Amino acid sequence: MFESALATLFFAAALYFFLAGTLGLLRFPDVFCRLHALTKADNLGLGFIVLGLMVLSDSWQSAARLLLTWLLVMFSGATVAHLVSRKALRDGITPWRKP
């Protein structure tokens, strides 16, 4: 009972971060701000999902696999965001400045 309530709390926190990242994607002015919002929020959201699944997992091996998967996604997400922002800079897209 306690485990499922804790997992539900982690899933609700993940939903909050996923919604915040989506809102950032829709509202921010340029590709760099959007990448920042998506990368940070999605990594935190996935982290909370992994925590919820780790609470519900049957063994420590499956929990460790979930944690390693999350670490791999964090590394690849940061790498892809860097590559996309570097390509945008090379294409002449300038970062947004407050007028």
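*Asks:* Any chance you could explain the overall build of the protein here in plain terms?
*Replies:* When helices and strands are counted, the protein shows 3 helices and 0 strands. Beginning at the N terminus, the succession of helices and strands in the protein can be written as α-α-α. Over its C-alpha atoms the protein spans a radius of gyration of 17 Å, topping by over 25% the 13 Å that the globule rule assigns to 99 residues. Based on the C-alpha atoms only, the size of the protein along its principal axes is roughly 55 × 25 × 15 Å. Burial status across the protein gives 20% buried among its 99 residues. Surface exposure of the protein reaches about 7200 Å², of which carbon and sulfur atoms provide 72%. Of the charged side chains in the protein, 9 are positive and 5 negative; the average position of the first set lies 15 Å away from that of the second.

*Asks:* Is there a simple way to explain helix α2 (residues 31-56) in this structure?
*Replies:* Every α-helix carries 3.6 residues per turn, so stepping three or four residues along brings you back to the same face. Its 26 residues place the ends of α2 37 Å apart at the C-alpha level, agreeing with the 38 Å of an ideal helix rising 1.5 Å per residue. Of the positions making up α2, those classed as buried are F32, L35, A37, T39, A41, N43, G45, G47, V50 and G52. Structurally, α2 contributes buried residues whose contacts are with α1 (2-27) and α3 (60-90).

*Asks:* Teacher, can you tell me more about the packing of aromatic side chains here?
*Replies:* Two aromatic rings, taken as a pair, are described by how far apart their centres are and by the angle between their planes. Taken as a whole, this structure holds 3 aromatic pairs when the rule is applied. Ring geometry for Y16 versus F17: centroids 5.3 Å apart, planes at 75 degrees, classification edge-to-face. On the numbers, 5.6 Å between centres and 10 degrees between planes, the contact of F17 with F48 is stacked. Note that F17 is positioned in helix α1 and F48 in helix α2, a separation of 31 residues in sequence. By relative accessible area, which is 22% here, F17 ends up partly exposed.

*Asks:* Any chance you could explain the packing of α1 against α2 here in plain terms?
*Replies:* Geometry of a packed helix pair, given as the angle between the helix axes and the separation of the axes. Running from N to C, α1 and α2 point in directions that differ by 170 degrees, and their axes come no closer than 8 Å. Here α1 lies roughly antiparallel to α2, going by the angle between them. For the contact of α1 with α2, a count of residues per class yields 20 nonpolar, 5 polar and 3 charged.

*Asks:* Which parts of the structure should I look at to understand the pattern of salt bridges?
*Replies:* Pairs can form between side chains of opposite charge whenever their charged atoms are close. All told, the structure shown has 1 salt bridge when counted by the stated rule. A salt bridge links K87 to D91, with the nearest nitrogen and oxygen atoms 3.1 Å apart. Exposure remark for D91: the relative accessible area of 52% places this residue in the exposed category.

*Asks:* Where do I start with α3 in this structure?
*Replies:* In a regular helix each residue adds 1.5 Å, so 31 residues correspond to 45 Å; α3 covers 45 Å between its end C-alpha atoms and thus fits that length. Restricting attention to buried positions, one finds in α3 the residues A63, A81, S85 and A88. Summarising the contacts, the buried residues of α3 are in contact with α2. Immediately beyond the C-terminal end of α3, within one or two residues, lies G92, with a positive phi of roughly 90 degrees.

Parameters and conventions
- Residues numbered from 1 in each chain as written.
- Predicted model: local features only at pLDDT ≥ 70, side-chain atom pairs only at ≥ 80, totals over all residues.
- Heavy atoms only, no water.
- Helix = DSSP H or I, 4+ residues; strand = E, 2+ residues; numbered from the N terminus.
- Rg over C-alpha atoms; globule rule 2.2 N^0.38 Å.
- Buried < 20%, exposed > 50% of the residue type's maximum accessible area, 1.4 Å probe, protein only.
- Areas by Shrake-Rupley, 256 points an atom, 1.4 Å probe, with all protein chains shown as cover.
- Lys, Arg positive; Asp, Glu negative; His and termini not counted.
- Charge placed at Lys NZ, Arg CZ, Asp CG, Glu CD.
- Expected span 1.5 Å × (residues − 1).
- Contact = heavy atoms within 4.5 Å.
- Phe/Tyr/Trp six-rings, centres within 6.5 Å; stacked < 30°, edge-to-face > 60°.
- Axes fitted to C-alpha atoms, helices over the stretch in contact; angles between N-to-C directions.
- Parallel < 35°, antiparallel > 145°, perpendicular 65-115°, else oblique.
- Nonpolar A, V, L, I, M, F, W, Y, C, P; charged D, E, K, R; others polar.
- Salt bridge = Lys/Arg side-chain N within 4 Å of Asp/Glu carboxyl O.

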